[in-house]
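# Understanding the architecture of this molecule
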Amino acid sequence: MPERNWAGNVRYAAARRHRPTGLDELRRLVAGSDRIRAVGTGHSFNRLGDTAGDLVSLAGLPQTVEVDRERATVTVAAAMRYGDLATRLHAAGFALPTMASLPHISVAGAVATATHGSGDGIGNLATAVSALELVTADGELLTVRRDADGDRFAGMVVALGALGVVTRLTLDVVPAFEVRQYVRLGLPRAALDEAFASAYSVSLFTDWRGGADSRGAAGRIDQVWRKQLADAPPPPADWLGTTAATGPVHPVPGMPARNCTAQLGEPGPWHERLPHFRLGFTPSSGDELQSEYHLPRAAAAGALAALDPLADRIAAVLQVCELRTVAADELWLSPQYGRDSLAVHFTWIGDGDAVAPVLAEVERALAPFAPRPHWGKVFTLDPAAVAAAYPRFADFAALAGELDPAGKFRTDLLDRYLPR
């Protein structure tokens with residue numbers, strides 16, 4: 001089990017570390033612990049997954065993948081990485097509707113924090129969950145289902161690990177499909193909405209450098225990653241005033257493109273195109289911090305304009321900024337709860353002291369748009385503002401109190417943002 005998270009900015013403080021090999025062993029461990037947290041692949045950039053008590057990895061449990069063809073679902077072990085699940089799922093003729101930019105993350109961890117891909121009509125990864133199994137504070141095994149537990153189920157999917165240790169999840173699947181990926185360069189920001197609507201999944205990248213675009217807006221869009229269904233026509237040569245990338249590129253300037261999924265319109269299976277990065281290579285840059293804020297989709301132009309005066313400040317500590325869209329859902333702690341969203345993602349340099357004052361300015365600029373943070377990234381928003389941005393926040397707090405009255409699954413971060 002790692003001593004630090006993937007980015008290296010969090011050293012786990014656990015007094016004891018465990019890797020159970022069976023469900024009964026895990027249940028006994030949870031029942032007998034005062035404080036316990038599960039750790040997956042360590043891709044959270046804050047202390048959400050840290051504890052001074054027991055830290056448990058589920059990688060030692062059977063890594064099962066069970067496809068139900070009749071119901072079009074797959075039931076998967078919590079610690080399974082998305083990239084490994086996708087390979088097995090594709091071999092069975094099925095696909096997930098979306099994937100995150102990194103296939104290296106665990107299913108349970110990504111679901112618990114509402115991690116997402118991009119697409120105007122596509123929800124986050126948690127929206128595919130139709131059932132989940134978890135070990136509760138008393139060591140009992142609880143299964144909840146979308147079709148049986150309704151509103152309560154909607155409160156238990158994106159749960160930040162606050163309700164128990166998730167052991168298995170059932171996900172909706174679709175028939176396998178192929179995707180072509182094209183990268184375009186130099187998008188005018190005025191064409192942002194048209195670009196997002198142009199393909200199955202679209203991501204935009206900017207480094208907030210280089211001054212204004214052709215319409216006078218700061219922070220021009222440097223790259224557009226269009227992931228389109230394989231049978232859709234390619235973008236025309238003059239698409240939205242952009243030019244075609246003449247070779248593979250990496251979203252972070254200077255990083256090797258071989259780490260990225262295939263581009264230039266080469267068709268391939270969904271799981272080898274929807275992520276930005278290949279499973280067998282180092283994702284992103286590796287030496288970084290990340291923050292992400294989810295804003296109402298309709299506020300995209302205003303939110304970006306609010307950041308324009310900070311362009312130089314942002315650029316000085318930024319590797320790249322990614323813009324994505326995510327469809328609305330009804331999961332209580334999902335950043336997309338009740339609203340289609342624009343996700344503004346910052347990959348910062350790995351210097352927390354240099355990033356902190358800029359992050360504070362970014363959060364102040366976005367405050368009028370009721371930003372909701374990605375739960376697994378670095379953020380410093382006021383707890384009252386975060387709670388106010390989620391209509392079902394009080395309901396989730398009550399649910400956490402019901403299932404974990406002694407605070408067994410609590411962390412310092414949860415205590416700050418979800419006070420008892």
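For the structure itself, consult the block above.
Residues numbered from 1 in each chain as written. Predicted model: local features only at pLDDT ≥ 70, side-chain atom pairs only at ≥ 80, totals over all residues. Heavy atoms only, no water.

### Quick look at the packing of aromatic side chains
Applying the stated rule across the entire model yields eight aromatic pairs. Between Phe346 and Trp348, the aromatic rings sit 4.8 Å apart at their centres with planes inclined by 10 degrees, giving stacked as the arrangement. Like Phe346, the residue Trp348 is buried in the burial classification. Aromatic ring contacts, followed pair by pair, group Trp375, Phe379, Tyr390, Phe393 and Tyr417 into a single cluster. When the ring centre of Trp239 is taken as origin, the NZ or CZ atom of Arg226, which lies over that ring, is 4.8 Å away. A cation over an aromatic ring shows up here: Arg372 above the ring of Tyr390, its NZ or CZ 5.1 Å from the ring centre. (Phe/Tyr/Trp six-rings, centres within 6.5 Å; stacked < 30°, edge-to-face > 60°. Buried < 20%, exposed > 50% of the residue type's maximum accessible area, 1.4 Å probe, protein only. Lys NZ or Arg CZ within 6 Å of the ring centre and 35° of its normal.)

### Notes on empty space enclosed by the protein
The final tally for this structure, using the stated rule, is three cavities of 30 Å³ or more. Lining the second largest cavity are Thr98, Met99, Ala100, Ser101, Gly117, Ser118, Ser201, Ser203, Lys227, Leu274, His276 and Arg324. Counted by class, the lining of the second largest cavity contains three nonpolar, seven polar and two charged residues. (1 Å grid on protein atoms, 1.4 Å probe; cavity = no way out; pocket = protein on both sides within 12 Å on 5 of 7 lines; lining within 4 Å. Points joined across faces, edges and corners; volume = space filled by probe spheres on them. Nonpolar A, V, L, I, M, F, W, Y, C, P; charged D, E, K, R; others polar.)

### Here we look at the pairing of strand S8 (residues 141–145)
Direction of pairing for strand S7 (residues 129–135) relative to S8: antiparallel, over a ladder of five bridges. Residue pairing in the sheet places Val135 in a bridge with Leu141 of S8. Here S7 folds back onto S8, and the loop between the two strands holds five residues, one of which, Gly139, carries a positive phi near 85 degrees. (Pairing = 2+ DSSP bridges. Helix = DSSP H or I, 4+ residues; strand = E, 2+ residues; numbered from the N terminus.)

### Re the environment of Tyr12
Among the structural elements, Tyr12 can be located in the segment before strand S1 (16–18). Along the backbone, Tyr12 and Gly49 are 37 residues apart, and their C-alpha atoms lie at a distance of 8.4 Å.

### Comments concerning the sheet that holds strand S4 (residues 65–68)
Hydrogen bonds along the backbone pair up the strands of a sheet, which may run parallel or antiparallel. A sheet is described by the order of its strands in space; here five strands give the open sequence S4-S5-S9-S7-S8, paired in antiparallel fashion. Looking at strand neighbours, the two that pair on one side only are S4 and S8, the edges of this open sheet. Averaged over all pairs of adjacent strands, the angle between strand axes in this sheet comes to 15 degrees, irrespective of strand direction. Sheet topology places strand S5 (residues 73–77) next to strand S9 (residues 165–172); five bridges connect them, and they run antiparallel. Paired with Thr73 across the bridge in S9 is Asp172. Packing against the sheet, helix H1 (residues 23–31) makes contact with S7, S8 and S9, and its axis sits at approximately 65 degrees to S7. (Axes fitted to C-alpha atoms, helices over the stretch in contact; angles between N-to-C directions. Contact = heavy atoms within 4.5 Å.)

### Here's the deal with H1
Looking only at H1, the buried set comprises Leu26, Leu29 and Val30. When H1 is viewed along its axis, its buried side chains cluster within an angular range of 95 degrees and face the same direction. Residues of H1 that are buried make contact with S1, strand S2 (36–39), strand S3 (54–57), S7 and S9. (Arc of directions from axis to C-beta.)

### Some remarks on helix H6 (residues 300–307)
Residues of H6 that are buried include every one of Ala300, Ala303, Leu304 and Leu307, and no others. Axial view of H6: buried residues confined to an arc of 95 degrees, hence all on one face. Taken together, the buried residues of H6 touch helix H5 (192–196), strand S16 (289–296), helix H7 (311–316), strand S17 (318–326), strand S18 (341–348) and helix H8 (352–366).

### Observations regarding the sheet that holds S3
An order of S1-S3-S2 is seen for the three strands of this open sheet, with the pairing classed as parallel. At either end of the open sheet lies a strand with only one pairing partner, and these are S1 and S2. Within this sheet the neighbouring strands show an average axis-to-axis angle of 25 degrees, counted without direction. Sheet topology places S2 next to S3; four bridges connect them, and they run parallel.

### As for the pattern of salt bridges
Counted by the stated rule, this structure contains 19 salt bridges. Across the pair Glu3 and Arg17 runs a salt bridge, and its minimum N-O distance is 3.5 Å. Placement of Glu3 in the segment before S1 and of Arg17 in strand S1 is noted, with a sequence separation of 14 residues between them. Relative accessible area serves as the criterion here: at 28%, Arg17 is assigned to the partly exposed category. For Arg168, the salt bridge goes to Glu133, with nearest N and O atoms at 3.8 Å. Taken together, the residues span a long stretch of sequence, with Arg168 in strand S9 and Glu133 in strand S7 at a distance of 35 residues. On the basis of relative accessible area, Arg168 is assigned to the partly exposed category, the value being 29%. Take Glu133: its relative accessible area is 12%, and that puts it in the buried class. Salt bridges sharing common partners tie together Arg35, Arg410 and Asp415. (Salt bridge = Lys/Arg side-chain N within 4 Å of Asp/Glu carboxyl O.)

### Side note on the layout of surface pockets
Sizing a probe to match a water molecule and rolling it over the atoms shows the empty space that remains. Estimated volume of the largest pocket: approximately 390 Å³. Around the largest pocket sit 17 residues that line it, and Arg71, Thr75, Ala131, Arg145 and Thr170 are the ones nearest its centre. Elements with a minimum of two residues in the lining of the largest pocket: S4, S5, S7, S8, helix H4 (146–154) and S9. When grouped by side-chain class, the residues that make up the lining of the largest pocket number four nonpolar, five polar and eight charged. For the second largest pocket, the calculated volume is near 250 Å³. Lining the second largest pocket are 19 residues, with Thr261, His271, Glu272, Arg278 and Leu279 sitting closest to its centre. Of the residues belonging to the lining of the second largest pocket, the class tally is ten nonpolar, five polar and four charged.

### As for the packing of H6 against H8
Contact geometry for H6 and H8: axes closest at 9 Å, N-to-C directions at 140 degrees. Judged on the interaxial angle alone, H8 and H6 are oblique. For the pair H6 and H8, the crossing hand works out as right-handed. Of the residues in H8, those in contact with Ala303, Ala306 and Leu307 of H6 are Val362, Ala365 and Leu366. (Parallel < 35°, antiparallel > 145°, perpendicular 65-115°, else oblique. Left-handed = near helix turned anticlockwise from the far one by under 90°.)

Keep in mind these numbers describe shape, not what the thing actually does.
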